Amino acid sequence: MDKQEYVSVLNKSFASESPENLLRHFLKGLGDKIALSSSLGPEDQVLTDIITRIDINARIFTLDTGRLFPETYSLIDRTNMHYGIKIKVYFPDFRALEDLVSEEGINLFYESIEKRKRCCHVRKLEPLSRAFSGLEAWICGLRREQSVTRQDMQLIEWDEGNGLIKINPLIDWTERQIWEYIEKNQVPHNTLHTQGFPSIGCQPCTRAVEPGKDPRSGRWWWESPEHRECGLHKR
């Protein structure tokens, strides 16, 4: 059975399971070979809450691009204190980052999609590849409702680029379900969400959006919607 067939079987097996049961199965089965890649968004905060209830020692990491909002840095500390954990933080390689800025300037991402993707590669994708070292699976907070680029994603996928099983426990959840869970369980979340920021990334590449608009329309807003991914979730 190849990898695609294997994840197809897994999807059928867990289609009716709750996120809690899905996560419990993989966390117990893979131990330190699985980790939550957290962007510290509301979905990942929900997953952090669920995961820590199952296994307080489960691996959770995040990427510090060096261009995050102050509120995001504060959330890292608040989350660690709330759950009694230590989220592992991965940083860009300083040499690659120095070369990037020297060659293209500090705000190169506004100039073209190609330059923006190069910035994302240095600040996100390379650190992510280091974070994935030794893993067999990663947990992600993707939801189909989030954007047009995510509507075809599945509960469990084979991540060919990274050679890992990718698990999206909240893939079918609505935004309302996310916030109901956060309020009910008093989950720490980014204070920018109450200021018109439904999706939060790097500060120069994120802006507030009008109520009712596409939640990710504030990310790389100068690009067309089908391009608004950094490459972490390339299929």
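For clarity, every value in this text was computed on a predicted model and none was experimentally measured.

Colleague: Quick question: what am I supposed to make of the pairing of strand S2 (residues 59-63) here?
Modeller: For a regular strand, side-chain orientation follows a simple rule: the groups alternate between the two sheet faces. Taking burial as the measure, the five residues of S2 include four buried ones, the bulk of the element. Here three bridges tie strand S1 (residues 34-37) to S2, and the two strands are oriented parallel to one another. Residue pairing for S2: Leu 36 is matched across the bridge by Ile 60. The β-α-β motif built from S1, the intervening helix H3 (residues 42-54) and the parallel element S2 has right-handed crossover chirality.

Colleague: What is the right way to look at the nonpolar core in this model?
Modeller: If you look at the biggest cluster of nonpolar residues, it comprises 50 residues, and the most contacted ones within it are Phe 26 and Ile 156. In terms of nonpolar packing, the next biggest core, distinct from the first, is built from nine residues, Phe 109, Cys 119, Val 122 and Trp 220 among them.

Colleague: Please clarify how the side chain of Thr 52 should be interpreted in this entry.
Modeller: Relative to the helices and strands, Thr 52 resides in helix H3. Owing to a relative accessible area of 12%, Thr 52 belongs among the buried residues under this scheme. Within the structure, Thr 52 has its side chain in polar contact with the backbone oxygen of Asp 49 (distance 3.1 Å). Once residues lying within four places of it in the same chain are set aside, the contact partners of Thr 52 are Ile 60, Tyr 83 and Ile 85.

Colleague: Before we go on, may I ask you to explain the sheet that holds strand S6 (residues 164-167) in this structure?
Modeller: Through backbone hydrogen bonds, the strands of a sheet pair up, either in parallel or in antiparallel fashion. Across the sheet, which stays open at both edges, the six strands sit in the order S3-S2-S1-S4-S6-S5 with mixed pairing between neighbours. One side of each edge strand has no neighbouring strand; the edge strands of this open sheet are strand S3 (88-90) and strand S5 (156-159). In this sheet, adjacent strand axes meet at a mean angle of 30° when their direction is disregarded. Pairing between S5 and S6: four bridges, direction antiparallel. Paired with Ile 156 across the strands is Ile 167, a residue of S6.

Calculation rules
Position labels on residues start from 1 in each chain and follow its written sequence. Only residues with pLDDT of at least 70 get local features here, since the model is predicted, and only at 80 or more are side-chain atom pairs given and counted; chain-wide, interface and lining totals rely on the full set of residues. Side-chain descriptors were evaluated using all non-hydrogen atoms of the structure, hydrogens and water having been removed beforehand. Using a 1.4 Å probe on the protein chains alone, a residue whose accessible area is under 20% of its type maximum counts as buried, one over 50% counts as exposed, and one in between counts as partly exposed. Each helix corresponds to a stretch of at least 4 residues labelled H or I by DSSP, and each strand to a stretch of at least 2 residues labelled E; elements are numbered beginning at the N terminus. Note on pairing: two strands pair once DSSP finds at least 2 bridges between them. The path from the first strand over the helix to the second decides the hand: if it runs clockwise while the strands point away from the viewer, the crossover is right-handed. Only buried residues count toward a nonpolar core. Its members are Ala, Val, Leu, Ile, Met, Phe, Trp, Tyr and Cys residues joined through side-chain atoms within 4.5 Å. We define a polar contact as two N or O atoms separated by no more than 3.5 Å, with the added condition that, inside protein, one atom must be a possible hydrogen donor and the other a possible acceptor, whereas residues neighbouring each other in sequence contribute only through side-chain atom pairs. In what follows, a contact means two residues having at least one pair of non-hydrogen atoms within 4.5 Å. Axis lines are fitted to C-alpha atoms, over the contacting stretch for helices. Their N-to-C directions set the angle, which ranges from 0 to 180 degrees.

Scope: geometric values only; no functional claims are made or implied.
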